[in-house]
Amino acid sequence: MIGSGNSEQPSEISEFYSETRQLGGGQMSSVATAQSLTRDLGDILAPGEKWKRQISAVHRGLTSDKFEHSIKGLTWSRVKTWFYGEARRVNYEEVVALRELHAIEEARRARLKLAATANILAAHLAAAGAPLDGHQMRALGRLAGALDLSGSGDAR
């Protein structure tokens, strides 16, 4: 019977599933998605740190007033349940916030790598005595200087 609420299998549009696909083509539950994103974010925001600091970093990111998808009232313990995959369910808004924060942090990481690469390139060119014209120097300066290596530049 189509549309029956008595099915033991959650529908593809229920809160128990997100649109994320696993490698095998099956769908990941929103809990698995939240766990994966939370752990990835922990590694990005607090690399090499123990789990408590990683969870704290993710919690801080998700509750920051500067974050557009900030989750008001989110507790540290809730983030811990995602980190360990112990949550009973994960709301759509929570998955969206995790994905957005992950995307922002990945972009920040990419900008840092680009700035570091541009600085290395500039150093190699200078050491080789390669003459750069004014346009090339400005372009390289924009790449290297648009975001300082601390990640605190305004090139967001």
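Preceding block: the structure.
Below you will find a few notes about this structure. Note that the structure is a prediction, hence the values are computed from the model and not measured.

1. Remarks on the nonpolar core
Link 1 in the chain: Core analysis: the biggest nonpolar cluster contains 19 residues, and Val 58, Leu 62, Leu 74, Val 79, Trp 82, Val 90 and Leu 98 have the highest contact counts within it.
Link 2 in the chain: Listed by contribution, the elements that provide at least two residues to this core are helix H1 (30-45), helix H2 (51-63), helix H3 (76-83) and helix H4 (92-128).

2. Overview of H3
Note on helix geometry: an α-helix contains 3.6 residues per turn, so any two residues three or four positions apart are oriented the same way.
Link 1 in the chain: Here H3 has its buried residues at Val 79, Trp 82 and Phe 83. Seen from one end, H3 has its buried residues packed into an arc of 100°, which puts them on one side.
Link 2 in the chain: Close packing links the buried residues of H3 with H1, H2 and H4.
Link 3 in the chain: Once H3 ends, the next one or two residues include Gly 85, with phi positive near 65°.

3. Some thoughts on the packing of H2 against H3
Link 1 in the chain: Packing of H2 against H3 leaves a shortest axis separation of 9 Å and a crossing angle of 115°. As for how H2 packs across H3, the hand of that crossing is right-handed. Every residue of H3 that contacts H2 at Trp 51, Lys 52, Gln 54, Ile 55, Ser 56, Val 58, His 59 and Leu 62 is listed here: Trp 76, Val 79, Lys 80, Trp 82 and Phe 83.
Link 2 in the chain: For the contact of H2 with H3, the class distribution of residues is eight nonpolar, three polar and two charged.

Reading the values: rules and limits
- Residues numbered from 1 in each chain as written.
- Predicted model: local features only at pLDDT ≥ 70, side-chain atom pairs only at ≥ 80, totals over all residues.
- Heavy atoms only, no water.
- Core = buried A, V, L, I, M, F, W, Y, C linked by side-chain atoms within 4.5 Å.
- Buried < 20%, exposed > 50% of the residue type's maximum accessible area, 1.4 Å probe, protein only.
- Helix = DSSP H or I, 4+ residues; strand = E, 2+ residues; numbered from the N terminus.
- Arc of directions from axis to C-beta.
- Contact = heavy atoms within 4.5 Å.
- Axes fitted to C-alpha atoms, helices over the stretch in contact; angles between N-to-C directions.
- Left-handed = near helix turned anticlockwise from the far one by under 90°.
- Nonpolar A, V, L, I, M, F, W, Y, C, P; charged D, E, K, R; others polar.

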